[in-house]
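Listed below, chain by chain, are the residues.
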Amino acid sequence: MCSRFKETMGFALASSGLLGATGSQAEYGLNFVEPAAGVAQEIYDIHMMTMQVSTVLLLIVFGIVFYSLYYHRKSKGFEPDQNFHKSWFGNWSWVIVPVMVLGVDLTIASKADAVLKKVWVVPEGEKLMDVKVTGHQWWWEFDYLDHNIKVESRYIPQEKSEDLYLREVDNRLLLPNNTKVRFLHTSADVLHAFWVPALGFKKDAIPGYVTETWADLDREGVFRGQCAEICGTWHSRMPIVVEVVSQDKFDNWLEEQNQIKVAALAEASAGKTWSKDELMAKGEELYNTKCAACHQVSGLGLPPAFPALKASPIALGPVAAHLDIVLNGKEGTAMQAWGTMNDLEIAAIMTYERNAWDNNTGDVVQPADVKQAR
Amino acid sequence: MSTTTLTHDDAHHHETPTGWRRWLYSTNHKDIGTLYLLFALTMLFLGGASAMVIRAELFMPGIQLVDPDLYNNLVTNHALIMIFGAVMPAAAGLANWMIPMMIGAPDMALPRMNNLSFWILPAAATMLILSFVVPFFPGGGTQINTGWTLYPPLSIQVGMSMDFLIFAIHLLGASSILASINIIVTLLNMRAPGMKLMQMPMFCWTWLVTAFLLILVVPVLAGGVTMLLFDRHFGTSFFDAAGGGDPVLFQHLFWFFGHPEVYILLLPSIGVLSHVIPTFSRKPLFGYNSMVGAMLAVATIGMVVWAHHQYTVGMSLGAVTYFMIGTIIISIPVGLMIFNFIATMWRGAMTFETPMLFAIAIILMFTFGGLSGVMLAVVPADMQYHDSMFVVAHFHYVLMPGAVFGLFAGVFYWLPKWTGHMYDERLGKIFFWTNIVGFNITFFPQHFLGLAGMPRRIIDYNVMFTEFNVLSSFGAMIFGFSHLLLLYIVISTIRGGQKAKARAWEGADGLEWELDSPPTFHTWEVAPTIK
């Protein structure tokens, strides 16, 4: 139980459940977060405009209704005006009212139309940085298409993330400040939606579609959001964290990522035969990041949606069938194809799955085996 | 009709069937109306119970009561039960009871079909409940974790409970279509001699439009879910991109039904308001003609703006601009309706019995929900609001006042007519206030949650969203339990109470108030003549 909740409860009890206006109020938002991009600012402004127009209209309607409720009541001896609907106003209100509403509509629509064009259409003929955003059940994949770097981004369990639980990820989406970024959205399985409020937009990730959005980043900082389209069991565990940094910092980070990538590739393709202990250690780490969301750290899964791996016929059965499911996924279920991982990673995970949780098959899957099966 | 057949019929009609036969074999519009209303009341509590579990789970951050799939299943079922099980049957119940009495007809035009259209419902509800229960049995597959929108590909992953749900939707749709045909035929053919269309009571008008909407859009939903069924079992790929299909197609089909559905839920309650407000303002409805016109406009425009529920799927600029303008335009006829209600109250002599209290609350809160609807219609801003708790707050502000409170108003308004007893006005007012206060505490804070960045349909949330969720759940408990009072009031009014006069309300006007309270088993066997 987090301390924030206890505070709230104490506060709520103290004020008998009424909405108070002290203490913790400053921490939680009543409105959109501060925009971090030009397009987000436009969206923020149109939101404020429509909200103000709506509030004024609401006050007018409330005012008229409450006036009427107070004065036109039987207990005050008010005699009903049986001819009100036959007055000139009664005869022409069906024109007057729509014209007035149309005026409000046009005010909103014309402003909205201008903003829409800017937000919706990705600028042409300009240099944009392309980031492909792929939704998976239940993690995000970010491809820096211009830099050939790929980042996998997953939620962090509560023990480690504490107060940022469900708002923090292991690998953030790093972006350079003062850049125009084009996001290309797609999905590997079901619908997801990319939503970082500070960037201003939300876009569905749809399998078979590539949709685009863009943002002209103008502020450094860490901006948090999460998946907004229901995507199954762990829809709540798909946070997105965008970190906008200076160009220098971003370049350094790119360099770092490249080195890590090169090292990993070298390791995987070294043709080395790995010991069981090495594979088990690597496998446990990888399994707990990539597989445990569904199959659980305990290997017990969450049946019937996510079968157990402990004592499962697949993990105990022939290596080839096991390998096939890991590489190609299983149709009609949430099990996706994991063939994008390198040979070493798959070998390590499989070795781990076949020997952890008392599975003890003693099988050691080598990267070479995986390579052959591809 | 010749005199001989009339006497012949009379002989049959005056023996009232008793016991279970009276209900199971019923062709009497009043009995079928009662069945519809009782069915809806049962479903209201089922749907309400699932909402209570949802709010209890969201009371604090973390996962406490249910697992995520069960949570998503409850979200799905709450919506489907409330829409198809509670609101639509309740509106059909009011229609069955009131339409023949209001237009001076002896019964609905197609009494046996009327029986069928009701008795399909319990079967459909069983199917719906089975879809919820089946996963708890061994081999029952996974739970429906898609939300009521059933978007593929997620709905393809679900186990056999999705098939139960698809068939439940087919049955519910068939029932609505049959009821709609009946209502249209009745209204067009069975009006008392001399009653022109433009003299029909407004409740009849709203149902005439609703019935046409239902017949137009329900088959589209049926088609959509059938395609889903084929994708799931027969190897088609209507919605599977890998097979050349299109996941977004389902969304278009669904919302082509789903948006007019909003008006299907709303219009009958608008009809109820058109009787309640004049009665308690003691002056006729302001702008009858413009009301009919506005309603037709809402229905027509409402048919062609569905894609505002899916702005974020990546449509072209031209398409979203069209859907945005179309949606904003709907505020014109809806605004005119609200204006007419306010103008009916204006310079009237109001009293504030429970139906009128609900009517006033509807005007205020529906206006609020409508204005947040205009905000949502604006595409760039919707890119933020979409699929957030702001949307949840918005549509509950539209559908609770717009549909459910209208039905409550109708029940309190006509309960004396149906039962022959006045309900306890003091209890009615207590119910109103707890209900309204609970409702607002529940849903008003959700606007802020959405703006601050909380998506809808999540079981677990970050601590930054705690405060408003606590408040919302707290309100939901008041709101939920207040309905037990409704149940008590309805039961005690059926059992007894102060005798109601034929014209139970001083300012009430219309043919139904010329009949006894309660009306005899058969009414208007000789049609009244309209001047």
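Residues numbered from 1 in each chain as written. Chains lettered and ligands numbered in written order. Predicted model: local features only at pLDDT ≥ 70, side-chain atom pairs only at ≥ 80, totals over all residues. Heavy atoms only, no water.

Caption draft 1: The overall build of chain A, seen in detail. Looking only at helices and strands, chain A features 11 helices and 10 strands. By the compact-globule yardstick of 21 Å for 374 residues, chain A is too spread out, its C-alpha radius of gyration being 28 Å. Over its C-alpha atoms, taken along the principal directions, chain A stretches across nearly 95 × 55 × 40 Å. Accessible surface for chain A amounts to roughly 17700 Å². Of this, 57% is attributable to carbon and sulfur atoms. Distance between charge centres in chain A, computed from 34 positive and 46 negative side chains, equals 5 Å. (Helix = DSSP H or I, 4+ residues; strand = E, 2+ residues; numbered from the N terminus. Rg over C-alpha atoms; globule rule 2.2 N^0.38 Å. Areas by Shrake-Rupley, 256 points an atom, 1.4 Å probe, with all protein chains shown as cover. Lys, Arg positive; Asp, Glu negative; His and termini not counted. Charge placed at Lys NZ, Arg CZ, Asp CG, Glu CD.)

Caption draft 2: Molecular detail of the interface of chain A and chain B. Contact with chain A, which involves 99 residues of that partner, is made by 99 residues of chain B. Roughly 8700 Å² is buried in total at the junction of chain A and chain B, and carbon and sulfur atoms are behind 72% of that figure. Here chain A and chain B share 2 salt bridges between them. Notably, a salt bridge pairs A:Lys74 with B:Glu506, separated by 2.9 Å at the nearest N-O pair. The interface formed by chain A and chain B contains 23 residue pairs in polar contact (both at pLDDT 80 or more). Counting only elements with at least two residues in the side of chain A that touches chain B, the list comes to helix H1 (3-14), helix H2 (38-71), helix H3 (88-120) and strand S7 (202-205) of chain A. By residue class, the composition of the side of chain A that touches chain B is 56 nonpolar, 27 polar and 16 charged. (Contact = heavy atoms within 4.5 Å. Buried area = accessible area lost by both parts, 1.4 Å probe. Salt bridge = Lys/Arg side-chain N within 4 Å of Asp/Glu carboxyl O. Polar contact = N/O pair within 3.5 Å; in protein donor to acceptor, adjacent residues only side chain to side chain. Nonpolar A, V, L, I, M, F, W, Y, C, P; charged D, E, K, R; others polar.)

Caption draft 3: Looking closely at a nonpolar patch on the surface. On the surface, a cluster of nonpolar side chains totalling about 790 Å² of accessible area is made up of A:Trp88, A:Trp92, A:Trp94, A:Val95, A:Ile96, A:Val99 and A:Met100. For A:Val99, the position within the fold is in helix H3. (Patch = residues over 30% accessible without salt bridge, like charges linked within 9 Å, V, L, I, M, F, W, Y side chains within 5 Å.)

Caption draft 4: Quick look at the domain arrangement of chain A. Residue and element names in this part refer to chain A. Taken as a whole, chain A is organised into domain 1 (30-120), domain 2 (129-264) and domain 3 (269-373). For domain 2 and domain 3, the distance between their C-alpha centroids amounts to 26 Å. Opposite the 11 residues of domain 2 that make contact, domain 3 presents 10 residues. Carbon and sulfur atoms supply 49% of the area that domain 2 and domain 3 bury against each other, a total of about 820 Å² over both sides. When the buried area of domain 2 at its contact with domain 3 is split by residue, Trp138, Arg154 and Trp234 rank highest and sum to 42% of it. Our count for the domain 2 to domain 3 interface comes out at 1 salt bridge. In terms of residue class, the side of domain 2 that touches domain 3 is built from 4 nonpolar, 3 polar and 4 charged. (Domains from an automatic or database assignment.)

Caption draft 5: Just the pattern of salt bridges, in detail. All names here are of chain A. Applying the stated criterion across every chain yields a total of 19 salt bridges over all chains. Note that Glu126 and Lys180 form a salt bridge whose closest N and O atoms lie 2.5 Å from each other. Taken together, the positions of Glu126 in the loop between H3 and strand S1 (129-136) and Lys180 in strand S5 (residues 180-187) put the pair 54 residues apart, joining distant regions of the chain. Taking relative accessible area as the criterion, Glu126 reaches 38% and is therefore assigned partly exposed. What makes Lys180 partly exposed here is its relative accessible area of 28%. Sharing partners across several salt bridges, the network here consists of Glu168, Arg172, Arg224 and Glu243. (Buried < 20%, exposed > 50% of the residue type's maximum accessible area, 1.4 Å probe, protein only.)

Caption draft 6: Layout of the nonpolar core. Residues A:Tyr144 and A:Phe183 are the most contacted members of the largest nonpolar core, which totals 240 residues. With 20 residues, helix H4 (residues 68-103) of chain B is the single largest residue contributor to this core. Structurally, this core is a two-domain feature, drawing no fewer than three residues from each of domain 1 (30-120) and domain 2 (129-264) of chain A. Not counting residues up to four positions away in its chain, the partners in contact with A:Phe183 are A:Val131, A:Val133, A:Leu173, A:Leu175, A:Phe194, A:Leu199, A:Phe201, A:Thr211, A:Glu212, A:Thr213, A:Trp214 and A:Ala215. Counting 26 residues, the second-largest nonpolar core is a separate cluster that includes A:Trp274, A:Ala292, A:Tyr352 and A:Val370. (Core = buried A, V, L, I, M, F, W, Y, C linked by side-chain atoms within 4.5 Å.)

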